[in-house]
Structures are given as C-alpha cells and as structure tokens.
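# What the coordinates show
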Amino acid sequence: MRRREFIVTLAGGVAAAWPFTVRAQQADRIRRIGLLTGTRAEDPDNKARFAAFEQALQQLGWTPSRNVRIDYRFSGGDATTSRKLAEELVALAPDVIVSTGGFSTASVLQATHTVPVVFAHVPDPVGSGFVDSLSQPGRNASGFMQFEYGLSGKWLELLKEIAPGLTRAMVLWDSAIPAGIGQFAIIQAAATSAGVDLKPVNLSDPGEIERAITAFARSPNGGLIVTASALSAVHRDLIIALAARHKLPAVYYERFFVTGGGLISYGANFVDQFRAAAGYVDRILKGEKPADLPVQAPTKYELVINLKTAKALGLTIPPSVLARAGEVIE
C-alpha cells in the first residue's frame, strides 16, 4: 500500500469510528437531574415520593450514583428561597429539572427557558403560563396536573355530606399563587349555590392561621377546607392539631393529611405522580423535548377517611361516603 493510500484509509477509519466513540462517551456520562420541592427536607412524606421516583428511574435504566445524579432542594414554602434554589439548580447545568407544585415550577421557569423541566402536582399549568396548551406544551416544560380546578368544589360538597348542618366554611389558601386563586374561585361558586358562608384565610403566617381558626371555632356549624399549596403542606401539623382541638371537620386535598390525623381527603395520589414524572425524565434524557410531551391529568382520585378522627369529632360518616372511600383508617 502506498503512503497516500494508507493515510486516506487511516483517516477514513478514524472518521468511521468517531460516531461510536462519541456515543460511548455520551452513554457513559453521568446525567444530572435537579429536583425542587416546596416542602421541607424533613417532611416524612418526601421519603415515599422520592423512593418511588428513584425506583421508577432504576426500572428505566437510571441508577443514582452510577449513571445519574439527583440534586434535591427544599424551599419550605418560602418564595425567596425557592427562587434562589431554582437559580442554584440551573447553575449546576442539569440535563433536566423536576419541580413539584406551581410554587416551585414558577421559580424554575423564571430561572431558565432552556433547561427541560418536568413538573408534578401543578393544578393549572396553562393558566399559570407554564405551557401553551395541555396537548402541545410548546416550551421547555411539561408534566402532570394535580387536578382540574373543578375538583375544588367537591371538597365543599364532601364537607356538607359529612357535616349536614354546616353553614360556614373557612378556606385556607395561598392567595399569592394562581392555583390558590383558581381553587378559591371554584369553592366560592359552590358555596353560593350551597348557601355556605366562606371565610378565606391566607396560609403565609402560622400565627394568623391559629388566631383565625380559634376565632372561627367560637361559632357553631363550621368546617375547614384546606386547599393545595406548598404552604398548606408546610403548616399541616398545625392545621390538623387546630382542627382537632376545636373539633372542626376538615377536608384536605391529599392523603398525607389524613394519615397524619386529619379527617378526610380527596385528590390525586402524589406518589403515583412521582413515578410518572420519572417516565418523562427518562424520555427527555433519551432525547425527547418537553414541548412534544403532552401534559397529563390524573386518571383517578382517591377518597381517604380517618374514622378515629371522625369519632373524636363526634361525627358519623354516612355510608354513602364510606362506600366511595379508597382507604379507611380505623
């Protein structure tokens, strides 16, 4: 073989091998996932959610510390902290960021318009400006809805079913987020037709929560509705304790309130959404774009009842409500 032919042959061989080398390097690279939640690090329910997320990732071939790294951040319901942590995660140059709730998702999408984002537990991603539409998100984010706003009216209906004499309801909400405003609007419409007077109380100040519930409980025929937000999760122990102390029936949006001593909840399963989020993360890590992944709504909602709490409140849960329960805590 002449020298020129040898050089051409060698160059061609290198060029042919190059794509395989690049692919091998990409396959071996440890991918990075950022995760921002509005809860506190010590929140006991995080363990089950994150375990489900990591287990689902492993089933898809992504093992933490082997080929993927997950950076967890917890804002504890504080807006300033949430924005700071979102910027911190973006600075780590992750391949994808997972955000939970509208509170955290807003912080992440303010920090980046390019890093792919998978959200979970977001009540209204279109109204919040996170996506263009549910079927075609069109931007750098997609994920899983927490519920349709119409579900909020069901909480008042449920409260009336378990406490037929109810004429007043305190609504604990976060007025600073679109989801809080949307949930309250639906509850307000339902209250008007049901003849129930509403008392909205903002969740931002635990001292105000205690003062407001204590004052509210001085009059009869009242109950509580706890709407979905990072702040309601942060203050849940206080809310559950106050409802028990003042013997107020309360309806919550998620199971963990009821397992923690609350009366009744109706909503989507958060652990299931973390499993689903892992599926979207996998698809993004393999090259798909959030803009092409439709936002998914829950396919089922679960009703959870704590009969021990009902007994302590002097309530008898109607058989029609018990028959619909997916879980009953004795």
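Placed above this text is the structure.
Figured I'd write up the structure that's included with this text. Remember, predicted model here, so these are calculated numbers, not experimental data.

Glancing now at the overall build of the chain. Broken down by element type, the chain carries 13 helices and twelve strands. Referenced to the eigenvectors of the C-alpha coordinate spread, the extents of the chain come out at roughly 100 × 35 × 35 Å. Within the chain, buried positions represent 48% of all 330 residues. Of the contacts formed within the chain by residues at least 6 apart in sequence, a portion of 69% connects residues at least 24 apart. For the chain, the accessible surface area stands at approximately 15,300 Å², while carbon and sulfur atoms represent 54% of it. Separation between the mean location of the 34 positive side-chain charges and that of the 30 negative ones in the chain comes to 4 Å.

Right, let's get into the pattern of salt bridges. The final tally for this structure, using the stated rule, is 16 salt bridges. Of the charged contacts, one joins Arg69 and Asp71 as a salt bridge, the two residues approaching to 3.0 Å between their closest N and O atoms. Judged by its relative accessible area of 44%, Arg69 is partly exposed. A relative accessible area of 6% places Asp71 in the buried class. For Glu161, the salt bridge goes to Arg324, with nearest N and O atoms at 2.8 Å. On the criterion of sequence distance, the pair formed by Glu161 in helix α5 (residues 151-162) and Arg324 in helix α13 (residues 319-324) is long-range, its members being 163 residues apart. The class for Arg324 is partly exposed, based on a relative accessible area of 43%. Taken together, the salt bridges that share partners define one network made up of Arg29, Arg31 and Asp95.

What counts, and at which threshold
- Residues numbered from 1 in each chain as written.
- Predicted model: local features only at pLDDT ≥ 70, side-chain atom pairs only at ≥ 80, totals over all residues.
- Heavy atoms only, no water.
- Helix = DSSP H or I, 4+ residues; strand = E, 2+ residues; numbered from the N terminus.
- Buried < 20%, exposed > 50% of the residue type's maximum accessible area, 1.4 Å probe, protein only.
- Contact = heavy atoms within 4.5 Å.
- Areas by Shrake-Rupley, 256 points an atom, 1.4 Å probe, with all protein chains shown as cover.
- Lys, Arg positive; Asp, Glu negative; His and termini not counted.
- Charge placed at Lys NZ, Arg CZ, Asp CG, Glu CD.
- Salt bridge = Lys/Arg side-chain N within 4 Å of Asp/Glu carboxyl O.

The values reported here are purely geometric and, on their own, carry no functional implication.
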